[in-house]
Amino acid sequence: MPVPTARRRDHDEAAEPAGRGSREEPAGRRAREEPAGRRAGEEPAGRRAGEEAARQRARPGPAGAFPRPRAPRTRPGQAYRSARPRRPPPFTRLCARRSRRLMNTAELAELGQQLRVDSVRAADAAGSGHPTSSMSAADLVAVLLANHLRYDFERPEHPANDRFVLSKGHASPLLYAAYKAAGAIEDGELLTFRKLGSRLEGHPTPRRLPWVETATGSLGQGLPVGVGIALAGKRLERTGYRVWVLCGDSELAEGSVWEAAEHAGYENLDNLIAIVDVNRLGQRGPTRHGHDLDAYARRFQAFGWHTIEIDGHDVDKIDRAYGEALSTAGQPTVVLARTLKGKGVAAVEDREGLHGKPLPEAEQAIAELGGPRQLHVRVSEPQAAAALRSVTTEALQLPRYDEGDEAATRDAFGKALAALGSARGDVVALDGEVGDSTRTEEFAKAHPDRFFECYIAEQQLVASAVGMAARGWVPYASTFAAFFSRAYDFVRMASISGSGLNLVGSHAGAAIGQDGPSQMGLEDLAMFRAVYGSTVLYPCDANQTVKLVAAMAGLDGIRYLRTSRGKSPVIYGPDEEFPVGGSKTLRSGEDDRLTVVAAGVTVHEALAAADRLAEDGIRVRVIDLYSIKPVDVETLRRAAEETGCLLTVEDHHAEGGLGDAVAEAFADGRPVPRLVRLAVRTMPGSAAPDEQLHAVGIDAVGIATAAKLLVEEAVVR
């Protein structure tokens, strides 16, 4: 298929999107050949950059560096100000005055060996880890760190810092060795790798280290999140940073990688550079394609990437490849590097059965690698960026609905999100090509520059949101509730990262009607309740929805909002407040004989059932438990004490949803009240919404029948 034309540009020059059309040269020639897509008579893309890099490497001078103090964190649109630097010692000041130079070939090779040695040392001290996976990529990281990365380790929130994602997170010894070489950590801390209380975990996380963009270790996630970061850089921030993602070859078997590859190509993300460490060996043996770089190149080229194939242990070829990548405009670049796992130590090099194990003779291996070194890298500083793109803040004016009206909660969500976007310029919206159903189209119309269409690729949808959240944006990502199951591992890893995500699932439950069970979110409450630190909300009317949409923006962690397809009565006034962790008691009296606990669509069924029961002289309490996690423990316990019995009703499977959330309110050892749960316990088919609710026993009739049985008022015929 035709691929975008690559045009040469200077490293700091803004990229201009290239059109998608035919060209004379095919993309993906090896680094030793002329790069594809150059114009007739033009110098080959990347050659000037490579030659200039070679000249700079030849200049004599020290490669030492000293870190500077950290500045305060910034949010999108907030002015960036440097912290007042501490006065360094005289020798530091002298070195700082010298102009920064690139490392030459010999120095780069030595740095690669140092990273290998320190990876071996760290894993040996821990008694576990992945040193061989680190050793294969050591030269790739050495050249990047010394000659191409622009990053201030003392100011990780600098808006123009390049962003680095270690997608092969098990190679964390290499990452930590690079941090040591850059002066970010000391040698003593390096040797705390994988120990209790250490920041240097087996797989890196941003909860512990400010230089880590996202938690990795579940393979196939680094590139998708990198796409999200690159989207933020290209379309939102525009400060010129580049996104570097180091992948392993094994993870290229993951479908999420190709969702990311297609999206990056479609968006012409020329600020994204993937580096693939093709070391041939996975955990149990050879990978699918081994050292066949062309097999990988063809796949990336099909998605519109510029590809470069190199020897991943030749530092000069690596250097030129990175220069070519930075000179390629209009399309993302992947550097496919042939490497050897365990490079440099004969006993483990390119051998199977050694994945995830420290080297058996670490001291001998270190000696074979030339012994420990103490090279320090002065990483290039990022370009000046006084402030990010302006972000406006206005008074929030949420839509208002009159009591008695009817509106779908998904409609209220769309209007509330658009209003929130007008009030907060840091809010972005993403959708999986169902925006006309989820109603994110309201945001897209009002704020097209901050709306991101991710198409039918739910993994990339959530990954993009994670990447944008890492850059300080406030993402709302929406699709059908059922389809978030495809991206659940990304949600899980986002919680490990401490990401702030707002996920909104529409078309939940059997109440969607005729579309049938493939479209029904019946497991989503359980899924999201199980996520560490999550918040799970399920509104029943329009005014409740708009208030919760706004509240989500100020919460931490993973926030999930469940919306409904059909219209429902507005039962709350527009000025009612709905604190997270709260509930609303809609029916209550001294003679209540049981409590019905509902959320979302079943709230209206519970109210109708209460009216039916009242006609028969049976008074019941009705609680709208719109906050599924955290739950209003106090209200539930008081209801149990006063009525003696709780009846939960949910449009969800019985496992892990509303019923379990209520039961956990009594898990502290106190007497558990009589608790009966109505839920979707059969596999629904296609039927009208009211027929669906009746068939699974969660409509007003089912609730009233169950209540009568509980209070022993039912007549058995």
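Note that the structure is a prediction, hence the values are computed from the model and not measured.

### Topic: helix 5 (residues 138-148)
Move 1: Most of helix 5 sits out of view: 11 of its 11 residues are buried.
Move 2: Three or more residues of helix 5 are buried, namely Ala138, Asp139, Leu140, Val141, Ala142, Val143, Leu144, Leu145, Ala146, Asn147 and His148.

### Digging into the packing of aromatic side chains
Move 1: Enumeration over the complete set of coordinates arrives at 17 aromatic pairs.
Move 2: Look at phenylalanine 484 and phenylalanine 528: their rings are 5.8 Å apart centre to centre, the planes differ by 85°, and that puts the pair in the edge-to-face class. Of this pair, phenylalanine 484 sits in the loop between strand 11 (474-480) and helix 17 (488-497) while phenylalanine 528 sits in helix 18 (residues 524-529), placing them 44 residues apart in sequence. Each member of the pair phenylalanine 484 and phenylalanine 528 is classed as buried.
Move 3: In this structure an aromatic cluster arises from ring pairing among Tyr151, Phe153, Tyr176, Tyr179, Phe193 and Trp211.
Move 4: Over the ring of phenylalanine 578 we find lysine 584, and its NZ or CZ is 5.3 Å from the ring centre.

### Some words on the sheet that holds strand 17 (residues 594-598)
Move 1: Reading across from one edge, 16-18-17-20-21 is the order of the five strands in this open sheet, with mixed pairing throughout. In this open sheet, the two edge strands, each paired with only one partner strand, are strand 16 (584-587) and strand 21 (674-680). Across the sheet, the mean angle separating the axes of adjacent strands is 25° when strand polarity is ignored.
Move 2: Across the face of the sheet, helix 20 (residues 601-615) comes into contact with strand 16, strand 17, strand 18 (620-624) and strand 20 (645-653) while running at roughly 170° to strand 18.
Move 3: Across the face of the sheet, helix 21 (residues 633-643) comes into contact with strand 16, strand 17, strand 18 and strand 20 while running at roughly 170° to strand 18.

### Examining helix 17
Move 1: Buried within helix 17 are the following residues: Phe490, Val491, Met493, Ala494, Ser495 and Ser497.
Move 2: As for helix 17, its buried residues are in contact with helix 8 (222-237), helix 9 (255-266), helix 16 (458-470), strand 12 (501-506), helix 18 and strand 14 (558-562).
Move 3: Where helix 17 ends, the next residue or the one after it, glycine 498, has phi of about 80°, a positive value.

### What about the pattern of salt bridges?
Move 1: The full count for this structure, using the stated rule, is 36 salt bridges.
Move 2: Glutamate 189 is the partner of arginine 199 in a salt bridge, and the nearest nitrogen-oxygen pair spans 2.8 Å. Placement of arginine 199 in the loop between helix 7 (187-190) and helix 8 and of glutamate 189 in helix 7 is noted, with a sequence separation of 10 residues between them.
Move 3: Owing to a relative accessible area of 21%, glutamate 189 belongs among the partly exposed residues under this scheme.
Move 4: One connected set of salt bridges, linked through shared partners, spans Asp118, Arg121, Lys180 and Asp187.

### Observations regarding the nonpolar core
In a soluble, globular protein the nonpolar side chains are often hidden away together inside.
Move 1: If you look at the biggest cluster of nonpolar residues, it comprises 137 residues, and the most contacted ones within it are Leu223, Leu272 and Tyr476.
Move 2: The element that contributes the greatest number of residues to this core is helix 8, accounting for eight residues.
Move 3: Other than its neighbours up to four places away in sequence, leucine 223 contacts Ser167, Val245, Cys247, Val257, Ala260, Leu272, Ala274, Phe300 and Trp305.
Move 4: Listed in part, the 51 residues of the second largest apolar core include Ala122, Leu166, Tyr176 and Val379.

### Looking at a negative patch on the surface
Move 1: On the surface, Asp402, Glu403, Asp405 and Glu406 cluster together into a negatively charged patch.
Move 2: The topology assignment puts aspartate 402 in the loop between helix 12 (362-368) and strand 8 (406-408).

### Re the confidence of the model for the chain
Move 1: Scored by pLDDT, the chain comes out at a mean of 88, with 84% of its residues at no less than 70.
Move 2: Predicted confidence is poor over residues 1-75, with pLDDT under 50, and the contacts of this stretch with residues over four places away or in other chains come to 175 contacts.

### Points about the packing of helix 13 (residues 409-423) against helix 19 (residues 542-552)
Move 1: Following both chains from N to C, one finds helix 13 and helix 19 inclined at 35°, their axes separated by 8 Å at the closest point. Both helix 13 and helix 19 take part in a crossing whose hand is right-handed. Contact residues: helix 13 offers Thr409, Ala412, Phe413, Ala416, Leu417 and Leu420, while helix 19 offers Ala542, Thr545, Val546 and Val549.
Move 2: Of the residues that constitute the contact of helix 13 with helix 19, the class distribution is eight nonpolar, two polar and no charged.

### Remarks on the pairing of strand 12
Along a regular strand, successive side chains alternate from one face of the sheet to the other.
Move 1: Burial of strand 12 is extensive: six of the six residues sit out of reach of the surface.
Move 2: Side chains Leu501, Leu503 and Gly505 project from strand 12 onto one buried face, and the interleaved Asn502, Val504 and Ser506 project onto a second face that is buried too.
Move 3: In terms of strand pairing, strand 11 meets strand 12 through five bridges, oriented parallel. By the bridge assignment for strand 12, threonine 479 is matched with glycine 505.
Move 4: The parallel pair strand 11 and strand 12 is bridged by helix 17, and the resulting crossover is right-handed.
Move 5: Pairing between strand 12 and strand 14: five bridges, direction parallel. Each bridged residue has a counterpart across the sheet, and for asparagine 502 the counterpart in strand 14 is arginine 559.

### Quick look at the side chain of threonine 216
Move 1: Inspection of the secondary structure puts threonine 216 in the loop between helix 7 and helix 8.
Move 2: For threonine 216, the side chain forms a polar contact with the main-chain oxygen of leucine 166, separated by 2.7 Å.
Move 3: Those residues in contact with threonine 216 that sit more than four places away from it in its chain are Val165, Leu166, Ser167, Gly169, His203, Pro204, Gly222 and Met493.

### Thoughts on the sheet that holds strand 9 (residues 427-431)
Move 1: The seven strands are arranged 10-9-11-12-14-13-19 in an open sheet whose pairing can be described as mixed. The sheet is open, and its two borders are formed by strand 10 (451-453) and strand 19 (627-629), each paired with just one other strand. Averaged over all pairs of adjacent strands, the angle between strand axes in this sheet comes to 20°, irrespective of strand direction.
Move 2: Strand direction decides the pairing type here: strand 9 and strand 11, joined by five bridges, are parallel. Counterpart to valine 427 in the pairing with strand 11 is valine 474.
Move 3: Where helix 19 meets the sheet, it contacts strand 11, strand 12, strand 13 (535-537) and strand 14, and its direction lies at approximately 165° from that of strand 14.

### Overview of the packing of helix 5 against helix 6 (residues 172-181)
When two helices pack together, their arrangement is given by the angle between the helix axes and by the axis-to-axis distance.
Move 1: With their axes 11 Å apart at the nearest point, helix 5 and helix 6 run at an angle of 30° to one another. Considering how the two elements wind past one another, helix 5 and helix 6 form a crossing that is right-handed. Here helix 5 contributes Ala138, Val141 and Leu145 to the contact with helix 6, which in turn contributes Leu174, Ala178 and Ala181.
Move 2: Split by residue class, the contact of helix 5 with helix 6 holds six nonpolar, no polar and no charged.

### What to know about the environment of threonine 643
Move 1: Here threonine 643 shows up in helix 21.
Move 2: A relative accessible area of 11% means that threonine 643 is categorised as buried.
Move 3: C-alpha separation for the pair threonine 643 and proline 673, spaced 30 residues apart in sequence, amounts to 9.3 Å.
Move 4: Every residue in contact with threonine 643, bar those within four places of it in the chain, is listed here: Asp592, Arg593, Leu594, Thr595 and Arg621.
Move 5: Here the side chain of threonine 643 touches alanine 639 through a polar contact of 2.7 Å, landing on its backbone oxygen.

### As for unusual backbone geometry
Move 1: Between lysine 629 and proline 630 the backbone carries a cis peptide bond, its omega angle lying at 0°.
Move 2: Note on placement: proline 630 falls in the loop between strand 19 and helix 21.
Move 3: Unlike most non-glycine residues, asparagine 268 shows phi in positive territory, near 55°.
Move 4: Topologically, asparagine 268 is positioned in the loop between helix 9 and strand 4 (272-278).

### Some words on the environment of histidine 158
Move 1: Positionally, histidine 158 belongs in the loop between helix 5 and strand 2 (163-166).
Move 2: A residue is classified by how much of its surface remains accessible, and histidine 158, at 6% relative accessible area, is buried.
Move 3: Polar side-chain contacts of histidine 158 include one of 3.0 Å to the backbone nitrogen of alanine 160.

The rules behind the values
- Residues numbered from 1 in each chain as written.
- Predicted model: local features only at pLDDT ≥ 70, side-chain atom pairs only at ≥ 80, totals over all residues.
- Heavy atoms only, no water.
- Buried < 20%, exposed > 50% of the residue type's maximum accessible area, 1.4 Å probe, protein only.
- Helix = DSSP H or I, 4+ residues; strand = E, 2+ residues; numbered from the N terminus.
- Phe/Tyr/Trp six-rings, centres within 6.5 Å; stacked < 30°, edge-to-face > 60°.
- Lys NZ or Arg CZ within 6 Å of the ring centre and 35° of its normal.
- Pairing = 2+ DSSP bridges.
- Axes fitted to C-alpha atoms, helices over the stretch in contact; angles between N-to-C directions.
- Contact = heavy atoms within 4.5 Å.
- Salt bridge = Lys/Arg side-chain N within 4 Å of Asp/Glu carboxyl O.
- Core = buried A, V, L, I, M, F, W, Y, C linked by side-chain atoms within 4.5 Å.
- Patch = residues over 30% accessible without salt bridge, like charges linked within 9 Å, V, L, I, M, F, W, Y side chains within 5 Å.
- Areas by Shrake-Rupley, 256 points an atom, 1.4 Å probe, with all protein chains shown as cover.
- Lys, Arg positive; Asp, Glu negative; His and termini not counted.
- Charge placed at Lys NZ, Arg CZ, Asp CG, Glu CD.
- pLDDT = per-residue confidence, 0-100.
- Left-handed = near helix turned anticlockwise from the far one by under 90°.
- Nonpolar A, V, L, I, M, F, W, Y, C, P; charged D, E, K, R; others polar.
- Right-handed = clockwise from strand over helix to strand, strands pointing away.
- Polar contact = N/O pair within 3.5 Å; in protein donor to acceptor, adjacent residues only side chain to side chain.

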